[in-house]
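Coordinates in review
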Amino acid sequence: MLKDLTIFQLAGNAATHAGRRQALLTQNVANADTPGYRALDLPDFAEAVSLETRGAAMQATRPTHLQGTSSQINRIEPFERPGEADPNGNTVALDRELMFAVDAKRTHDRSLAVYRSALDILRTAIRVR
Amino acid sequence: MNEFSRALQVSSSAMHAQATRLRHVSENISNADTPGFRRKSVSFEAEVDPVSNLTLLRVGDVRQDQSDLTTVFDPQHPLADDNGQYKGSNVSLLVEIVDAREARRSYEANLKMFDQVRQMSSSLMSLLRK
């Protein structure tokens, strides 16, 4: 039911996206010393949204209006991040991975905060006094 | 299985592998003065688990370093040959310390990711509270 409200859908998809990204970054860090491993990453959520809605966007009176996103957005395939390779063919740079991981955590926290605040509004609306 | 538990599994496989590497390093260091000891090294392989489709870190074969053993001059040593020399180990302490430092850094990075994934999943769970 909550999925009918686009704000929940959007926040939920953003949180899932951050979770997927975090899982990929964890995999990169785990393989930081594996010869020949190529670092993987996902496009930003904003980029993923624009990739998804391109062509099939609904008509809106203003471009900033929320249109929601479908769950397809979290089927986007990871890509190999370009970068300098070590002599053993590994492209993981630990400092970069940790920085991206902090970014992913902040995105996740932000999405959960939006979700929680929307939930609070719903609760306030249905509260019986 | 959701992304978070997958990430935790990958992290723990990597921590296990780094710990194994550190164990071999300490074996090498403790045997640095053992005559005839050859330095052991582990190799890492990215392995895709067929069930969960995760790229886990696996410790490959343990190999012995086949480089030349050092020659030590000590005529009093029970293993000394006619020239008063015996074969020591081929462990270089400097290499081992660097290897240990790298293993520790990678372990810490994995631990940090593990902790962060745990925090993210617990903040997700706290949505259910209240």
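Residues numbered from 1 in each chain as written. Chains lettered and ligands numbered in written order. Predicted model: local features only at pLDDT ≥ 70, side-chain atom pairs only at ≥ 80, totals over all residues.

**What about the overall build of chain B?**
Let me state the cut-off plainly: Where helices and strands are cited, they refer to DSSP runs of H or I of at least four residues and of E of at least two residues respectively, numbered from the N terminus. With the radius of gyration taken over C-alpha atoms, the globule rule is written as 2.2 Å times the number of residues to the power 0.38. Partly exposed residues are those falling between the two cut-offs: more than 12 but fewer than 20 other C-beta atoms within 10 Å of their own, whereas 20 or more means buried and 12 or fewer means exposed, with C-beta atoms placed from the backbone.
Scanning chain B from terminus to terminus reveals two helices and four strands. Each helix and strand of chain B, placed in order from N terminus to C terminus, yields the pattern α-β-β-β-β-α. Here the C-alpha radius of gyration of chain B, 22 Å, is well above what a compact globule of 130 residues would show, namely 14 Å. Judged by the C-alpha coordinates and their principal axes, chain B covers about 80 × 30 × 20 Å. A buried classification covers 23% of the 130 residues belonging to chain B.

**Points about the nonpolar core**
Spelled out, the test is: Each nonpolar core reported here comprises buried Ala, Val, Leu, Ile, Met, Phe, Trp, Tyr and Cys residues connected via C-beta atoms within 7 Å.
One finds Ala14, Ala15, Leu25 and Val29 of chain A together with Ala14, Leu57 and Met113 of chain B to be the most contacted residues of the largest nonpolar core, which totals 34 residues. The leading source of residues in this core is helix α1 (residues 6–30) of chain A, at ten residues.

**Observations regarding the interface of chain B and chain A**
Many analyses report the size of an interface as the accessible area lost when the parts associate. Which entries qualify depends on this criterion: This entry defines residue contacts through backbone-placed C-beta atoms, with two residues in contact when those atoms are within 7 Å. Residue classes follow a fixed rule: Ala, Val, Leu, Ile, Met, Phe, Trp, Tyr, Cys and Pro count as nonpolar, while Asp, Glu, Lys and Arg count as charged, and any other residue, Gly among them, counts as polar.
Every contact between the two is made by 24 residues of chain B and, on the other side, 23 residues of chain A. Put simply, the parts of the chain that give the side of chain B that touches chain A at least two residues each are α1 (3–30), β1 (40–48), β2 (55–64) and α2 (93–125) of chain B. Residue composition of the side of chain B that touches chain A, grouped by class: 13 nonpolar, seven polar and four charged.

**Here's the deal with the confidence of the model for chain A**
The predicted coordinates should not be examined in detail at positions where pLDDT is low. Which entries qualify depends on this criterion: The pLDDT score gives, residue by residue, the confidence of the prediction method on a 0 to 100 scale.
Of the residues in chain A, 80% reach a pLDDT of 70 or more, and the chain-wide mean stands at 82. Highest mean pLDDT in chain A belongs to helix α3 (residues 94–126) of chain A (91); lowest belongs to helix α2 (residues 45–53) of chain A (76).

**Description of the pairing of β1 of chain B**
Regular strands place their side chains on alternate faces of the sheet. Residues and elements named next belong to chain B. To keep things clear, this is the line we draw: What makes two strands pair is DSSP finding at least two bridges between them.
Of the pairings in the sheet, the one linking β1 to β2 comprises eight bridges and is antiparallel in character. Looking at β2, one finds that Val42 is bridged to Val62. The antiparallel pairing of β1 with β2 creates a hairpin that spans six residues between the two strands, and Asn53 there sits at a positive phi of about 60°.

**Focus on the packing of α1 of chain A against α3 of chain A**
Residues and elements named next belong to chain A. Cut-off, in case you're wondering: Axis geometry follows a simple rule: fit a line to the C-alpha atoms, using only the stretch in contact for helices, then measure angles between N-to-C directions, giving values from 0 to 180 degrees. Reported orientations rely on four angle classes, namely roughly parallel under 35 degrees, roughly antiparallel over 145, roughly perpendicular from 65 to 115, and oblique for the rest. For any helix crossing, the convention is left-handed if the near helix is rotated counterclockwise from the far helix by under a right angle, and right-handed if that rotation is clockwise.
Following both chains from N to C, one finds α1 and α3 inclined at 160°, their axes separated by 8 Å at the closest point. Judged on the interaxial angle alone, α3 and α1 are roughly antiparallel. Between α1 and α3 lies a crossing whose hand is left-handed. Residues of the contact of α1 with α3, tallied by class, amount to 16 nonpolar, seven polar and three charged.

**Notes on the environment of Ala14 of chain B**
Residue and element names in this part refer to chain B. Note on placement: Ala14 falls in helix α1. By the C-beta count within 10 Å, which is 29 here, Ala14 ends up buried. Taking the C-alpha atoms as reference points, Ala14 and Leu94, separated by 80 residues in sequence, lie 24 Å from one another.

**So, the environment of Ser11 of chain B**
Its place among the elements puts Ser11 of chain B in helix α1. Owing to 27 C-beta atoms within 10 Å, Ser11 of chain B belongs among the buried residues under this scheme. The spacing of Ser11 of chain B and Phe73 of chain B is 62 residues in sequence and 47 Å in space, taken between C-alpha atoms. Ignoring any residue separated from it by four or fewer positions in sequence, one finds Ser11 of chain B in contact with Thr26 and Ala30 of chain A together with Asn110, Met113, Phe114 and Val117 of chain B.

**Notes on the packing of α1 of chain A against α2 of chain B**
Orientation of α1 of chain A relative to α2 of chain B, taken along the N-to-C sense of each, is 165°, at an axis distance of 9 Å. As far as their axial angle goes, α2 of chain B and α1 of chain A are roughly antiparallel. Along this stretch, α1 of chain A crosses α2 of chain B, giving a crossing that reads as left-handed. Contact with α1 of chain A, carried on its side by Gly19, Gln22, Leu25, Thr26, Val29 and Ala30 of chain A, involves Ala109, Asn110, Met113, Val117 and Met120 of chain B of α2 of chain B and no other residues of that element. When its residues are assigned to classes, the contact of α1 of chain A with α2 of chain B shows seven nonpolar, four polar and no charged.

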